[in-house]
Amino acid sequence: MSITVPHTAVIGLTAAEVEQRRRDGLTNDVPDRASRSVRDIVRANVFTRINAILGVLFILVLATGSIIDGMFGLLIIANSAVGIIQEVRAKRTLDQLAIVSQAKPTVRRDGQALEVAPKEVVLDDLIELGPGDQIVVDGTVEASALLEVDESLLTGEADPVDKPIGAAVMSGSYVVSGSGAYRATKVGKDAYAAKLAEEASKFTLVKSELRSGIDTILKVITYLLIPAGLLSIYNQLFSSKESWRPAVTGMVAALVPMVPEGLVLMTSVAFAVGVVRLGRRKCLVQELPAIEGLARVDVVCADKTGTLTENGMRLSDIKTLGRFDDAEVRQALAAMAADDPRPNASVQAIGEELTDKPNWRHTAVAPFSSAKKWSGFSYGEHGDWLLGAPDVLLDPSSEDARVAEELGSSGLRILLLARSDRPVDAADAPGVVDPAALVVLEQKVRPDARETLDYFASQQVSIKVISGDNAVSVGAVASSLDLRGGDHAVDARELPEDRAALADVLERETTFGRVRPDQKRAMVGALQSRGHTVAMTGDGVNDVLALKDSDIGVAMGSGSPATRAVAQIVLLDNKFATLPYVVGEGRRVIGNIERVSNLFLTKTVYSVLLAFLIGIAGVGSQIFDYEPIGYPFLPRHVTIAAWFTIGIPAFILSLAPNNERARSGFVPRVMRLAIPSGVVIGIATFVAYLIAYAGPHATFEQKEQAGTTALITLIMIAVWVLAIVARPYVWWKVVLIGASILAYVLLFTIPFTRHFFKLDPSNIELTTAAFICGAVGIVLVEAAWWIAGAVQGDKHTLLPSSPGGSA
C-alpha cells in the first residue's frame, strides 16, 4: 500500500532548518544513562572515613622512618580498589548494552532518507518508520500504511495499537507491523521516555543495614579515637619519657587496631565474590550491597510480561467447529502461518506448533491490521481462509460467539479460523463467513516461573504481580502459576488514591492489571509505608520510576536502557529464576560478614580499652609519682596479632556457605559478643604487661620481653574468640583454627621471624605468666558468651549458623 504524505512532509526539513534548530537547542540531546561517572565512583570509594583515619596514621608512621610498621597502609589501597573495580565493571557492561540497543532512526531531510544517531534528531524532523523500528522521540503520525505500534514498554499493554494519520506516538515504543512516518513534536527532555529517565536519573545507593551498621560503628570509633588518641599522645610523648620516634610509633600502634580496617575490605570482598558468582549466572550487580538488599526483601513486585511470561504466545488448543475436521483446520493454519511475511505474536505461536506446511500456493493476501481485526489468504481450490477476532467475524448471537467469549474471559487469546465465500483481497471481503475453528492461545509462562514463586513462598516473601496488561489476562497467568489471589485479579483503575487505603488493598491482594506507571510507583511507596522491603522487577520504561523508588530494582537485560540504568541488579539472560541465587548469595554475605564482624570489633574493643588503660596508668604516674608506662606494642605487633586471629580466618569464613535467613539488628547482635570478649582481652593483656614491665629505663631486651608477654596473652584469647565465631565445627574449620595456632608457634620460634618482628619469648617465667593470663581470659570469654546467649534465650542466636558447614 502506498503512503500518502504531504509534499512538505516528503521533503522533510532542509539543512538550513536543521542547523537553525540545533542553534536554538531544539535537539534530542539527553543523557545516555543515569549512572555515576568514573570520577564519582573513584571519589566515593577513596574518600571514606576509614581511609582518612588510616591515611593520617600512615603518614605519622612514615615520618618516624619505620616503613615496615606502615604495612597497614596497604589496606587503604585494597579498601578502595575492590569497590572501584566492581562499580566500573558494572558501568561499562551497562554502557555496552546501551550502545548495542541504541536505535538509529531514518529521517528525511531535503528529500533524502538519512540514518542518524538519536541525539541528532531535531524538532519537526520527519522520521520514517518500518517494522521493528524504535520510536526515539514523541511525535504525530504524518503517514500510515497499516501502522501498528507496541507500547508495552510504556504502558504494559501487550496488544499492538493501530496508529492512523494524526495519532500520537511516544518515545520508547516500537513498530510491530506496517509502515509510515511521523513528525517530531517533543525532543530531548520533553519526550515522554526522557522525562521518566530524568526523574529517575539521580543516583542513589542501595539501603544496606550492613553498611549503615558498619558506618555507625566507625562513627563511634572516630569519637573514641579522639580521647584515646589524645591520651596516647600525652602518655607517649610526655609521660613515658621516650624519644619522639618510639613515642609516635607507640601512639600509632595504639590507634591503628582501634580501626576495624579489614572489616570494610572483607565486606567488599565478600560482596565482590558474590558478584562474580552471580555473574556466571548472567546476573549483573551494579552496586555491591544490592546482594544484601535482595536477601532482606520481603515483597517482590513482579511485572507479568517479560518476567513471569516470555515475549510471545503459545498455541494451547484448537476447537473445530461445524463441518470442518481437525486435519483440514491444521493444514489451513499451518499454511497461513508459514506464508505470513510479518507474523505477529499470535501467528508466530501457531507457526511454531504447526510446522507441517501443506503444498498450497496462495493467490491473494490480506495483511492483518488493528482496524479490521483479521488477516487472510486465498489458496485457490483449497479455499479462502480468514484468521481474526471472533467478535468481528462471528454473529454475536451465535453459539460459537458465546463459546469464544467464555474462553476469552479466562484470560486466553481467542482467534477464529473461518472460510470465506470470496477472495480475501476482494473489496467486500470478508463476505459470508463459515466458522472452522477457535484457536486458543495463551501467553508463554516461563518454565522456571513456578519454581521461583514457590521458592519465595517458602521463604515467606510475598509476590505481587503488577502489570499494565488487562486484569483478566494477568489473573490467568497468576492462576496458572497457582499464585494466591490470582483468581480475582484487581483492575488498578479501581484502586484508591490514598496511600493508606492503597496499602490496605496491597496487603490483601496479589494480582493487579491495568496499572499505570505512576500507580506502580505509588504501590511501591504504599508497601514501604507498612515497613516492607520491596524489590521491583521490570523491563519497560513504564517500570523506571517504580524501580527507582523500590529498595532493590531488578531489570531484564532485554529491557529499555533507562530501566537497566536505574536498576541495581540486571538479569542479562532475562531469567526471573536467577533471583533465588541472588537471595542465596545475599544470605551468605550477610551471615558471614556478621560472623567475621565479631572478630574485627573484638579487636577494636580491646584496642580502645588497652589504650585507655595504658594512658590512664601514664597519667597516674604523673599524679602519684610511680614509674611511667609506655604502650607495649609496635605497629608490626598489632599487624601480626591480626594476621591469624582475624585477617586470613575472616577471609575464609566470609566465603563459607551460610543459609541463615537475613535478620535486622546487626550492630546489637555483634556487640553482644565483641564487647565482653574485647574487655576480657584488653584487661588480661594489660595485666600480663604489668607483670612483665620493667620500667622506663629497662633494657631493650626487657622491653621486647614485656611486649612479647602481652602479645602472647592477647593472641591466645583472640584465637579462642576465633574458635567461638567458627562454631559449629566442621573439618575445615578445625583445620583453619589449627593452622592459625601453628602459624603463631612458628612466628615465635623461628629465629628470623623473632628478630624481624622483635619477639622474645625466652624468659620462661614471663612466658608462663602470659599463658596463665591467657588461660584465665579464655575461661572468661567462654563464660561471657554463654551468659550472653542465656540472656538472649539461645546462645546460637548470637552467631549465624552455617548449615552443612561444607565449603
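Caption draft 1: Representation of the overall build of the protein in the model. Regarding its fold elements, the protein presents 28 helices and 21 strands. For the protein, the proportion of contacts with a sequence separation of at least 24, taken over those separated by at least 6, is 74%. Within the structure as shown, the protein displays about 33,700 Å² of accessible surface, and the carbon and sulfur contribution to it stands at 59%.

Caption draft 2: Main features of the sheet that holds strand β8 (residues 283–285). Strand order in the open sheet formed by eight strands is β8-β21-β20-β19-β9-β16-β18-β17, with mixed pairing between adjacent strands. If you trace the sheet from one side to the other, it starts and ends with β8 and β17 (490–491), each paired once. As defined by bridge partners, strand β9 (residues 299–302) adjoins strand β19 (residues 534–538) across three bridges and the pair is classed as parallel. Residue pairing across strands places Cys 301 opposite Met 536, the latter belonging to β19. Across the sheet, helix α17 (residues 471–480) is in contact with β16 (462–466), β17 and β18 (511–513); its angle to β18 comes to roughly 150°.

Caption draft 3: Expanded view of the packing of helix α18 (residues 499–508) against helix α19 (residues 517–529). Axis separation between α18 and α19 bottoms out at 9 Å; the angle between their running directions is 85°. The orientation of α18 with respect to α19, classified from their angle, is roughly perpendicular. Across the interface between the two elements, Arg 499, Leu 502, Ala 503 and Leu 506 from α18 touch Ala 522, Met 523, Gly 525, Ala 526, Leu 527 and Ser 529 from α19. Of the residues in the contact of α18 with α19, the class split is seven nonpolar, two polar and one charged.

Caption draft 4: Seen up close, the side chain of Asp 760. Along the chain, the position of Asp 760 falls in the loop between α27 (751–756) and α28 (764–792). Here Asp 760 is buried and forms no salt bridge, its nearest opposite-charge partner Arg 754 lying at an N-O distance of 5.9 Å. In terms of polar contacts, Asp 760 uses its side chain to reach the side chain of Gln 705, at 3.3 Å.

Caption draft 5: Region of interest: the pattern of salt bridges. Applying the stated criterion across every chain yields a total of 25 salt bridges. One salt bridge connects Asp 125 with Arg 109, and the closest N-O pair in it is separated by 2.6 Å. Of this pair, Asp 125 sits in the loop between β2 (112–115) and β3 (126–129) while Arg 109 sits in strand β1 (residues 106–109), and the two are 16 residues apart along the sequence. Across the pair Lys 520 and Asp 303 runs a salt bridge, and its minimum N-O distance is 3.8 Å. With Lys 520 in helix α19 and Asp 303 in the loop between β9 and β10 (309–320), this residue pair connects regions lying 217 residues apart in the sequence. Each member of the pair Lys 520 and Asp 303 is classed as buried. Several salt bridges share partner residues, and in doing so they unite Glu 399, Arg 402 and Glu 406 into one network.

Caption draft 6: Seen up close, the nonpolar core. Judged by nonpolar contacts, the single largest core of 120 residues is most densely connected at Leu 294 and Ile 569. Listed in part, the 26 residues of the second largest apolar core include Ile 318, Ala 332, Trp 360 and Leu 415.

Caption draft 7: Summary view of the environment of Phe 651. Summarising the element assignment, Phe 651 is placed in helix α23 (residues 635–654). Counting along the chain gives 381 residues from Phe 651 to Ala 270, while the straight-line C-alpha distance between them is 8.1 Å. Apart from the residues within four sequence positions on either side, Phe 651 is in contact with Met 266, Val 269 and Ile 646.

Caption draft 8: The arrangement of the packing of α23 against helix α26 (residues 731–749) in detail. For the pair α23 and α26, the least separation of the axes is 10 Å and the interaxial angle reads 160°. When the axes of α23 and α26 are compared, the pair comes out roughly antiparallel. Crossing angle aside, the handedness with which α23 passes α26 is right-handed. Along the contact surface, α23 presents Ile 640, Ala 641, Ala 642, Trp 643, Phe 644, Thr 645, Pro 649, Ile 652 and Leu 653, while α26 presents Trp 732, Lys 733, Leu 736, Ser 740, Ala 743, Tyr 744 and Leu 747. Here the contact of α23 with α26 is built from residues that sort into 13 nonpolar, two polar and one charged.

Caption draft 9: A look at the packing of aromatic side chains. By the definition in use, this model includes twelve aromatic pairs. Between Tyr 455 and Phe 456 the ring centres are 5.6 Å apart and the planes differ by 65°, which places this aromatic pair in the edge-to-face class. Judged by its relative accessible area of 23%, Tyr 455 is partly exposed. Among the aromatic residues, ring-to-ring pairing joins Trp 643, Phe 644, Tyr 744, Phe 752, Phe 756 and Phe 757 into one connected group. Here Arg 281 stacks its cationic end above the ring of Tyr 581, 3.5 Å away from the centre of that ring. Geometry around Phe 324 places Arg 323 over its ring, the cationic atom sitting 4.4 Å from the centre.

Caption draft 10: Representation of the confidence of the model for the protein. Model confidence for the protein is summarised by a mean pLDDT of 80, while 83% of its residues fall at 70 or above. Low confidence marks residues 200–204, where pLDDT is under 50. Its contacts with residues over four positions away, or in another chain, come to 15 contacts. Confidence drops under pLDDT 50 across residues 794–798; counting only partners more than four residues distant or on other chains, this segment forms 13 contacts.

Caption draft 11: The arrangement of the pairing of strand β20 (residues 552–556) in detail. In terms of burial, β20 is largely enclosed, as five of its five residues are buried. Side-chain alternation along β20 places Ile 552, Val 554 and Met 556 on one buried face and Gly 553 and Ala 555 on a second face that is also buried. In the sheet, β19 pairs with β20 via four bridges, with the strands oriented parallel. Directly across from Ala 535, in β20, lies its bridge partner Ile 552. Pairing of β20 with strand β21 (residues 569–571) involves three bridges; the strand directions are parallel. Along β21, the bridge assignment pairs Val 554 with Ile 569.

Caption draft 12: Summary view of the pairing of β16. Judged by how many residues are buried, β16 sits mostly within the fold: four of five residues are covered. One ladder, built from four bridges, connects β9 with β16; its direction is parallel. Bridged to Val 300 within β16 is Ile 463. Here two bridges tie β16 to β18, and the two strands are oriented parallel to one another. Within the sheet, the bridge partner assigned to Val 465 lies in β18 and is Thr 511.

Caption draft 13: Spotlight on α18. Among the residues of α18, Leu 502, Ala 503, Val 505 and Leu 506 are the ones counted as buried. Across the axial projection of α18, the buried residues extend over an arc of 160°, all falling on one side. Along its buried surface, α18 packs onto β16, β18 and α19. One side-chain oxygen at the N-terminal end of α18 lies 3.2 Å from the backbone nitrogen of Ala 500; it belongs to Asp 498.

Caption draft 14: Just α19, in detail. For α19, which comprises 13 residues, the first-to-last C-alpha distance of 19 Å matches the rise-based estimate of 18 Å (1.5 Å per residue) to within 8%. The complete set of buried residues in α19 reads Pro 517, Gln 519, Lys 520, Met 523, Val 524, Gly 525, Ala 526 and Leu 527. After α19 finishes, the residue Gly 531 shows a positive phi value of roughly 85°.

Calculation rules
- Residues numbered from 1 in each chain as written.
- Predicted model: local features only at pLDDT ≥ 70, side-chain atom pairs only at ≥ 80, totals over all residues.
- Heavy atoms only, no water.
- Helix = DSSP H or I, 4+ residues; strand = E, 2+ residues; numbered from the N terminus.
- Contact = heavy atoms within 4.5 Å.
- Areas by Shrake-Rupley, 256 points an atom, 1.4 Å probe, with all protein chains shown as cover.
- Pairing = 2+ DSSP bridges.
- Axes fitted to C-alpha atoms, helices over the stretch in contact; angles between N-to-C directions.
- Parallel < 35°, antiparallel > 145°, perpendicular 65-115°, else oblique.
- Nonpolar A, V, L, I, M, F, W, Y, C, P; charged D, E, K, R; others polar.
- Buried < 20%, exposed > 50% of the residue type's maximum accessible area, 1.4 Å probe, protein only.
- Lys, Arg positive; Asp, Glu negative; His and termini not counted.
- Salt bridge = Lys/Arg side-chain N within 4 Å of Asp/Glu carboxyl O.
- Polar contact = N/O pair within 3.5 Å; in protein donor to acceptor, adjacent residues only side chain to side chain.
- Core = buried A, V, L, I, M, F, W, Y, C linked by side-chain atoms within 4.5 Å.
- Left-handed = near helix turned anticlockwise from the far one by under 90°.
- Phe/Tyr/Trp six-rings, centres within 6.5 Å; stacked < 30°, edge-to-face > 60°.
- Lys NZ or Arg CZ within 6 Å of the ring centre and 35° of its normal.
- pLDDT = per-residue confidence, 0-100.
- Arc of directions from axis to C-beta.
- Expected span 1.5 Å × (residues − 1).

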